[in-house]
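What follows is the residue order along each chain.
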Amino acid sequence: MASPFAIFRKNQKVMYALLAIMCMVGFSIGGAIDYSSNMRSSEDPVVATAFGKSIRANELQQLIRRKQLAITFIDRCQRAEFNFSDQIDEGMAAQLMQMMGRPTGALYFGQTTDEGAVQTWILDERARQMGLVVSDSAINTFLRELTSNKVNSQVFSEIAMRMGVGQPQLFEALRAEITALRLREMALGRMQTTPAQRWDYYRRQRQRATVELVALPVEDFIGEVADATTEELHAFFDAHKEQEPQPDSPIPGFKVPKKAAFQVVVAKFDDFYDEKGVTDKEIKKHYEDFKDTRYLWEDELEGDDDEPAKPDAKAAEGTDEKPADEGADKETPDAKKAPAADSDAKSDSDAGAAEPDKKPAAKPNEKSQSSTGAADRHSLALAPVANPLAALGGALLAADADEKAPDGDQPKPEASDDADNVPGPEDVGQDDVGKKAVGKKTVSEKTVSEKTVESDKQSAAPGKEGEGKSADKKGAAKKTPVAPPIIEEFTLPRDIRQGEKPKHMPLWRVEDRIRKEVAREKANKKIEQALGVVRNKMRAYSRSLGPDEAEEQMPNLKKIAAAQGLTEQDTGLLTAHELNEKFPELAMAQGDQRSLPFVQIAYTGMAEFQSTTVQDIVGNRYLVWKTEEQEAYVPDFADARSKALRVWKLIKARDLATEKAKELAAEANESHEPLKKLFEGRQGLVVSRTQPFSWLTRGSANADNRAPPRLSEVDGVQSPGPEFMRAVFSLGVGAAGEAMNAPQTIAYVVRLDSLDPTDERLRTTFLADPFPLYNEVARDDIAEFHRAWLKGIENEAKLTWKEVDKKHR
């Protein structure tokens, strides 16, 4: 029997062709079958959908990493712009930039949360649909503008190299964020406010109200509300069971909030800060390292408010300063009348040289005098006039010197010289003032009057009458101006060695600032070293944990912290709201992402026994790790029934409390009497009077007005909200109305007792003050508009989060 392979060998070419075709068909069909669909759906679930596209868990993590990459690159570019020392950590650098009014990368591109990453993706997708494209050139332009053109492309490349990313990956991240940013700017960047809105914003911060109050707690009316049926109560519970209760919100919530416990090691900045420990050598080194980037003369004095105004042509007529093209030999009309003025000036000069305790008067420096008016503004700003009489005429200077000198030390000048040439108060401001004695336009009326009286006394002195009359007949002019002597005290504020236009600020001018900065750097370095010891203990324990997380004994952080000059505290199990109330400094401290407070980090993305370091506004550092947590959960209806019934009745009682407040307000408006006279003691009502308060405030401790405006606190009002403020400031003086606090737990009868200033007085300053002085007041309204705009984009994209897959997010 022939071998079956004989047939194959006989027709091997045909068989090879058939085999190749079968392989191609098999691969095509096999490729169409997704054998890993079940595996991918379970391990990489869909977490959100938008624009008909699915966003899976792994894709979401990539979006978060992409956003973090863009934020980190922006922050490091700004560090390069300001040439921060490597000893300054990310947190301190962000704080310094914030003090200088420079936004960080997180403020440009938003938070690196799940919602923030998806929001950027949606805006980027919407911009592409509109045809908005950000090119590589636009990205480069954005980076140059961001760093004020002080960072070149080589530095950008070095930053990317140190981050371990290539240009394509970096540009992809920046392109998405800049595209989303540009779309926001197109929609919201040119928002205009009406005059009525600006008047409203102006009043919120500048006007203070004093009111009378009667508080009507909603709980007092709960007895008038009938119990809900089981069906009503169950429906009410189902509607709010997924919401967590918010203390200042009127919306109920029955979900039990997440709780967590933390151990905190605190490094107080003042315990490590020591200016006396900074040596002169350290100051000199810092100055030499950064003088070419941070201590340039032009940069330091740019926009100096103390810049003196340049004298105009008319003012120059009253001084001895002359334009460069005018020769000194040109005679004035007064000079023609009095050729003997030179001899008088010479005698004065000789008299000054005769004083044994004074240096000989130096010859006037013609170059410095003639260029004073046109000198560099920075030089002028640093050259204070030690002698205020230096700007006056020579004759007047001589007269002052003679009056102050003891008798016999100097020969007194002829009285008629000054008496004839110094104008009286009635002459100041006339057309011929500029043609009289030098410096007349800079002499006050009081000074001129005193000189005139003194000259009259000298003229009337015995033995001088003839000389005075002789001088009058000759028409003798005033003496030639004599410049004040240049001594070291006057020239010290200027960096003489570098000339009038030095390149760098002198060290003595920035020494104190450098000492503080070096002290801060050294303090931060010591703090980081101390926290590093504790952090290593934390990490060693975290790495040693087994599956049951109880194999190793927790380190004694209190003992370890004390050895490093630190303190330790344990928070216990707290909700986010409780952490805010009990540890406000820790709750609001921020990490590398300056827009995220610790309270948000702690209850969103921080795992158990994970550590992080945050810093508060005064520089204190907190090394925190989470030691325990309890996840939020929805209770059963049976367990929450009593609470749900009470909340339901409280909401129904709000209407009753509001109606009662309206009745009392109407009675007060009808009687035009103060609330205290009408209601004090009636049915247990208590009337209180507040201290003056404004709608918004920056706080009394905020001397530099850098903190954003916030809602003011009001005496006797628990958690006043925007609606309470609007109700109060909508009243006329003497009128009464009703208002509720933010959580709507208390209804108030309010009577506006006074407004300071009144609307009429406030309008005068409102018309004068520019909008940028109070435009921050509009931020809440703008933020609300921004949220509404984003919500519209998300609705257009049909964004849907998959609740069942939240554990993968």
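Report on the accompanying structure. Only a predicted model underlies this, so the values are computations on that prediction, with no experimental measurement involved.

Parameters at a glance
Residues numbered from 1 in each chain as written. Predicted model: local features only at pLDDT ≥ 70, side-chain atom pairs only at ≥ 80, totals over all residues. Heavy atoms only, no water. Helix = DSSP H or I, 4+ residues; strand = E, 2+ residues; numbered from the N terminus. Buried < 20%, exposed > 50% of the residue type's maximum accessible area, 1.4 Å probe, protein only. Pairing = 2+ DSSP bridges. Axes fitted to C-alpha atoms, helices over the stretch in contact; angles between N-to-C directions. Phe/Tyr/Trp six-rings, centres within 6.5 Å; stacked < 30°, edge-to-face > 60°. Lys NZ or Arg CZ within 6 Å of the ring centre and 35° of its normal.

## Re unusual backbone geometry
- With an omega of -5°, the peptide bond running from aspartate 756 to proline 757 counts as cis.
- Following the sequence through the fold, proline 757 ends up in the loop between β13 (746-756) and α34 (759-768).
- The phi torsion at histidine 672 lies on the positive side, around 60°, for a residue other than glycine.
- As for its position among the elements, histidine 672 is in the loop between α31 (637-671) and α32 (675-679).
- Judged by its relative accessible area of 63%, histidine 672 is exposed.
- Even without a glycine there, the phi angle at serine 719 is positive, about 50°.
- Mapped onto the elements, serine 719 comes out in the loop between β11 (710-711) and α33 (722-729).
- Residue serine 719 is classed as partly exposed on the basis of its relative accessible area of 31%.

## Quick look at the pairing of strand β7 (residues 621-630)
- In terms of burial, β7 is a largely internal element, seven of the 10 residues being buried.
- Pairing geometry for strand β4 (residues 259-267) and β7, over nine bridges, is antiparallel. Opposite valine 265, over in β7, you have leucine 623 as the bridge partner.
- Here five bridges tie strand β6 (residues 611-615) to β7, and the two strands are oriented antiparallel to one another. Paired with serine 611 across the bridge in β7 is tryptophan 625.
- Between β6 and the antiparallel strand that follows it, β7, lie five residues; glycine 619 among them carries a positive phi value of about 100°.

## Digging into the sheet that holds β4
- Strand order across the open sheet formed by four strands is β5-β4-β7-β6, with antiparallel pairing between neighbours. Each having just a single partner strand, β5 (567-570) and β6 make up the two edges of the open sheet. Strand-to-strand, the axes of this sheet are offset by a mean angle of 25°, without reference to chain direction.
- Examined bridge by bridge, β4 and β5 share four bridges and lie antiparallel to one another. Note on β5: the bridge partner recorded for valine 266 is threonine 567.

## Here's the deal with the sheet that holds strand β2 (residues 53-56)
- Taking strand neighbours across the sheet as the criterion, the three strands line up as β2-β1-β14 in an open arrangement whose pairing is antiparallel. Each end of this open sheet is capped by a strand with a single partner; those strands are β2 and β14 (800-801).
- Here strand β1 (residues 46-50) pairs with β14 via two bridges, running antiparallel. Bridging across to β14, threonine 49 finds its partner in threonine 800.

## So, the packing of aromatic side chains
- Throughout the structure, instances matching the rule amount to 20 aromatic pairs.
- Geometrically, the ring pair formed by phenylalanine 236 and phenylalanine 254 is edge-to-face, given 5.7 Å between the ring centres and 80° between the ring planes. Remark: phenylalanine 254 occurs in the loop between α12 (230-240) and β4 and phenylalanine 236 occurs in helix α12; sequence separation between them is 18 residues. Of the two residues examined, phenylalanine 236 and phenylalanine 254, each falls in the buried class.
- Three or more aromatic residues joined by ring pairs make a cluster, and in this case those are Trp199, Tyr202, Phe766, Phe771 and Tyr774.
- It is arginine 204 that lies over the ring of tryptophan 695; its NZ or CZ is 4.3 Å from the centre.

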